[in-house]
Amino acid sequence: MNTSAETTPAALREQMIAAIKESYTLSPVVEDALRAVERHQFVPQVSIEEAYANEIVVTKQDADGQILSCLSQPAIVGMQLEQLAVQPGDRVLEIGAGTGYHAALLAYLAGPGGHVTAIDTDTDIVTDARARLAATSVGNVEVVRGDGALGHPANGPYDKNVATVGIFEIPDTWLHQLAPDGRVVAPVRLWASVTRSLALEHGPTGWYSVDHQMCGFIPLRDSTADDPRTILNLTPNRTVQLHLNQEHHLDTEHLPGILDQPAVTVGTGVMFGRRESVEWLYLWLTCVLDTGICRMPVTQEAIDTGLVDPMFRWGTMATPARGSLAYLTWRTEPDDHRDQPLEVVVIGHGPQASLLTTEIAGHIQTWNQQFRHSGVAFEVSAEAGASDADSTTRFSLPRAGRSISVIWR
């Protein structure tokens, strides 16, 4: 191991904390936890530099290369710890044990008077997490194997419940196993490919967000609350794909090859600064479009050949509807400079591309004129099936269980 002054574990932890603070404000207690828990001990299979980089560390994949488990990006770890606000003496339930690193951080924050229960579906993950926690002398954590959606009532009630896997439905068991003044933090896929980590507390008529942040997580699997996803190849060589979810009841036979059809391009006149987040636009579109907006990952080959012109190098967000497909991109001027804003543009393909792109452009303009500077809150209904009437400011996203409302205000 290279142990120069810049690459010692302590120095790399400081660099990791500094990287997190570029995105999120960290409280002193969370900083102390990130400084005290040695992240590299939980992923010994990678270099120490990789362990502390502000990136995920993949720890398990299936035969097709899909990620089944990983060590979350430090920025996301810090964000969730801040959302959860663990106090000394808290009893904490973690859904998704992973490597045990997050449980070790929770245990540090809960202190010797608290206790952490971490649950995972895979025997090998549970075994490895137990071993890592034992090797680092973390004593106030129990790792159990089971269906994360069912929680673990034996160790409840819990003051805090955190999921480190993505979900579509918030299981009643998580809420029922909380203490009356407890808090749950969960990465909830709201609709299509838009996910936010919601920090929820109980109120008079349901559960209300006290914080929410954009994020992305591996979905809960092998569970009674599975959130299946379909990856549709839009090109034969898989250079462009579209992510579809359980709420998408679409005829997709026409979508492969649709990018070969003539493109329709519609400008919106809506401008973004180079460092400005598009997360609120994504959230608005997933509220107002029936199919929401879906991830459309692309390869560099698809960009280089001119097949697609995505917003980002990884790809962009797209909407399949009316037998067509539309996606978002930027318009830049030939003499473009780094400090110049970018215009949101919609590109469509298919028989109804003109209608679809115009509709989406209209929604983007409405958001820009009426809601761009609005605050947003989330509510989870007190009962299964309950929902509020939709309006121009409140959108109810249906579920088999408790509905989720997005309120623009």
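Residues numbered from 1 in each chain as written. Predicted model: local features only at pLDDT ≥ 70, side-chain atom pairs only at ≥ 80, totals over all residues. Heavy atoms only, no water.

### Notes on the overall build of the protein
Counted only if it meets this: Every helix listed is a DSSP run of H or I at least four residues long, and every strand listed is a run of E at least two residues long, numbered separately from the N terminus. Our radius of gyration looks at C-alpha atoms and nothing else; its globule reference is 2.2 Å times the residue count to the power 0.38. Exposure is judged per residue with a 1.4 Å probe applied to protein chains only, and the accessible area is read against the type maximum: over 50% gives exposed, under 20% gives buried, and values in between give partly exposed. What makes two residues a contact is simply this: any of their non-hydrogen atoms within 4.5 Å. Each accessible area value is a Shrake-Rupley result obtained with a 1.4 Å probe; residue values ignore everything except the protein chains displayed when judging cover. Within this scheme the basic residues Lys and Arg register as positive and the acidic residues Asp and Glu register as negative, but His and the chain ends are omitted. Charged side chains are reduced to one point each, which is NZ for Lys, CZ for Arg, CG for Asp and CD for Glu.
Looking only at helices and strands, one finds 10 helices and 19 strands in the protein. Here the C-alpha atoms of the protein give a radius of gyration of 22 Å, agreeing with the 22 Å that 2.2 N^0.38 yields for 409 residues. Projected onto its principal axes, the C-alpha coordinates of the protein cover approximately 60 × 55 × 40 Å. Within the span of the protein, comprising 409 residues, buried residues form 53% of the whole. Counting only contacts in the protein whose residues sit at least 6 apart along the sequence, the fraction spanning at least 24 positions is 61%. Summed over all atoms, the accessible surface of the protein reaches about 18100 Å², with 50% contributed by carbon and sulfur. The protein carries 28 positive and 49 negative side-chain charges, and their two centres are separated by 2 Å.

### Regarding the packing of aromatic side chains
The test is simple: Pairing of aromatic side chains here covers Phe, Tyr and the six-membered ring of Trp, requires ring centres within 6.5 Å, and sorts the geometry by plane angle: under 30 degrees stacked, over 60 edge-to-face, intermediate tilted. Comment: the charge-over-ring label is applied if NZ (Lys) or CZ (Arg) is within 6 Å of the ring centre and within 35 degrees of the ring normal.
Under the definition given, this model contains 10 aromatic pairs. Ring geometry for phenylalanine 168 and tryptophan 191: centres 6.2 Å apart, planes at 40°, overall tilted. Here phenylalanine 168 is found in the loop between β6 (158-163) and α7 (172-176), whereas its partner tryptophan 191 is found in strand β7 (residues 178-191), with 23 residues between them in sequence. For the pair phenylalanine 168 and tryptophan 191, one class covers both residues: buried. On the numbers, 5.3 Å between centres and 85° between planes, the contact of tryptophan 284 with tryptophan 408 is edge-to-face. Of this pair, tryptophan 284 sits in helix α8 (residues 279-288) while tryptophan 408 sits in strand β19 (residues 404-408), placing them 124 residues apart in sequence. Each member of the pair, tryptophan 284 as well as tryptophan 408, carries the same accessibility label: buried. Counting every residue linked through ring pairs, the aromatic cluster contains Phe272, Phe312, Trp314, Trp330 and Trp367. A cation over a ring is seen here: arginine 295 above tryptophan 314, with NZ or CZ 4.2 Å from the ring centre.

### Considerations on a nonpolar patch on the surface
Note the cut-off: Only residues above 30% relative accessible area that lack a salt bridge enter a patch, with like-charged residues linked at up to 9 Å and the nonpolar side chains Val, Leu, Ile, Met, Phe, Trp and Tyr linked at up to 5 Å. For this document, the term salt bridge refers to a Lys or Arg side-chain nitrogen within 4 Å of an Asp or Glu carboxyl oxygen.
A cluster of nonpolar residues, Ile56, Val58 and Ile67, forms a patch on the protein surface that exposes about 200 Å² of accessible area. By the secondary structure assignment, isoleucine 67 is in strand β2 (residues 67-71).

### Let's talk about the nonpolar core
The condition that has to hold: Among buried residues, the Ala, Val, Leu, Ile, Met, Phe, Trp, Tyr and Cys ones that are joined through side-chain atoms within 4.5 Å form a nonpolar core.
Counting 57 residues, the largest nonpolar core has Leu283, Leu285, Leu328, Ile360, Ile364 and Trp408 as its most contacted members. With 7 residues, the top contributor of residues to this core is α8. With sequence-adjacent residues up to four places away left out, leucine 283 is seen in contact with Leu190, Val194, Arg196, Val376, Phe378, Val406 and Trp408. Core analysis: the second largest hydrophobic core is formed by 41 residues, Val57, Leu84, Leu106 and Val116 among them.

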